[in-house]
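As a plain string of letters, each chain reads:
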Amino acid sequence: MPIALPFDRWWVSPAPFGHPLFSLFPVLSPLVTTFYDSLSSFTCPPSFVVGPKAAQRRFPQLQDKGLLFATVFHEAMHDDARTNIAIALTAAERGAAVANYCEVTGLIKENGRAAGVSVLDRVTSQRFDVRAKAVVFCGGPYTDALRKLGDEKAEDAVAGASGTHVVLPG
């Protein structure tokens, strides 16, 4: 997805974020966006600079009053719901039992080891057990609650956070 950074001046005053280097962002933006391109190993289309007429053609919503140039960079998009569906379908294709809208409510232990989980189907309210050779908790922000199913004394290991996902190859 192309994103334009339009500039109507060569330097910014007062300096954004209170740092004098940021006042030069219009001049430095091509270098900054090239560095950003490098974070994706240059898998997105490269960033580039366009003059006011080309900027208006590519981005008609830009105001042309005083526009000097625009730096254009590409933002990658990731649809995590589609990724999760692809993972579930691949697992099912390879013989896994797949369930959706289900909540893990308990851990089944045998000989001191996790041997499965107890589950509540949130759509039908039906409860059932799922047995497995290995149990892996992939609970994101809910990992601590899952860990406590196996050990009520387990200390919290995950601090709440929010932010941006950066997907790097390899």
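Above: the structure in question.
What you see is a predicted model; the values in this text were computed from it and never measured.

Caption draft 1: Structural detail: the sheet that holds strand β3 (residues 69-74). Read from one edge to the other, the open sheet built from three strands follows the order β1-β3-β2, with strand pairing classed as antiparallel. With one partner strand each, in any of the chains shown, β1 (2-7) and β2 (48-50) form the two edges of the open sheet. Direction aside, neighbouring strands of the sheet carry axes that sit 30° apart on average. The pairing of β2 with β3 spans three bridges and is classified as antiparallel. Looking across to β3, one finds that Phe 48 is bridged to Val 72. In this fold helix α1 (residues 25-39) packs onto β1, β2 and β3, with an angle of close to 15° to the strand it touches most, β3.

Caption draft 2: Structural view of the side chain of Thr 33. Tracing the backbone through its elements, the reader meets Thr 33 in helix α1. Excluding residues within four positions of it along the chain, Thr 33 makes contact with Leu 5, Ser 47, Thr 71 and Phe 73.

Caption draft 3: Structural view of the environment of Phe 73. Relative to the helices and strands, Phe 73 resides in strand β3. Assessed through its relative accessible area of 12%, Phe 73 is described here as buried. Expressed as a C-alpha distance, the spacing of Phe 73 and Leu 31, which sit 42 residues apart in the sequence, is 11 Å.

Caption draft 4: Structural view of helix α4 (residues 143-150). Inspection of α4 places Thr 143, Asp 144 and Leu 146 among the buried residues, and these make up the whole buried set. Projected down its long axis, α4 shows its buried positions confined to an angular sector of 160°, all on one face. Contacts from the buried residues of α4 go to β4 (102-110).

Caption draft 5: Focus on the layout of surface pockets. Its boundaries defined by the atoms lining it, the largest pocket holds a volume of some 1,400 Å³. Forming the boundary of the largest pocket are 28 residues, of which Ala 97, Ala 99, Cys 102, Val 104 and Val 136 lie nearest the centre. Every element with two or more residues in the lining of the largest pocket is listed here: α3 (80-93), β4, β5 (113-121) and β6 (127-131). Ranked by residue count, the leading element in the lining of the largest pocket is α3, at five residues. Its residues assigned to classes, the lining of the largest pocket shows 23 nonpolar, four polar and one charged.

Caption draft 6: Here's a closer look at the sheet that holds β4. Pairing in this open sheet of three strands is antiparallel, and the strands run β4-β5-β6 from one edge to the other. Of all the strands in the sheet, just β4 and β6 have a single pairing partner and so form its edges. On average, each strand axis in the sheet is inclined to that of its neighbour by 30°, with strand direction left out of account. Summarising the sheet, β4 and β5 pair through eight bridges and their orientation is antiparallel. The partner of Glu 110 across the bridge, within β5, is Arg 113.

What counts and what doesn't
- Chains are numbered independently. Their residues run from 1 in the order of the written sequence.
- Selection of residues for local features in this predicted model requires a pLDDT of at least 70, selection of side-chain atom pairs for listing and counting requires 80 or more, and totals for whole chains, interfaces and linings are taken over all residues.
- Hydrogens and waters are ignored; side-chain quantities use all the structure's heavy atoms.
- Criterion used throughout: strands pair if DSSP finds at least two bridges between them.
- Only runs of H or I of at least four residues qualify as helices and only runs of E of at least two qualify as strands under DSSP, and these elements are numbered from the N terminus.
- Working convention: axes come from line fits to C-alpha atoms, limited for helices to the stretch in contact. Angles between N-to-C directions cover 0 to 180 degrees.
- Residue contacts are counted whenever heavy atoms from the two residues lie within 4.5 Å of one another.
- Relative accessibility thresholds used throughout: buried, under 20% of the residue-type maximum; exposed, over 50%; partly exposed, between the two (1.4 Å probe, protein chains only).
- The directions from the helix axis to the C-beta atoms are what the arc is built from.
- We place a 1 Å grid over just the protein atoms. Points where a 1.4 Å probe fits but has no way out form a cavity, open points with protein on both sides within 12 Å along at least 5 of 7 lines form a pocket, and any residue with an atom within 4 Å of a point lines it.
- Grid points are joined across faces, edges and corners, and a volume is the space filled by probe spheres set on the points.
- Amino acids outside the nonpolar list (Ala, Val, Leu, Ile, Met, Phe, Trp, Tyr, Cys, Pro) and the charged list (Asp, Glu, Lys, Arg) are all regarded as polar, and Gly is one of them.

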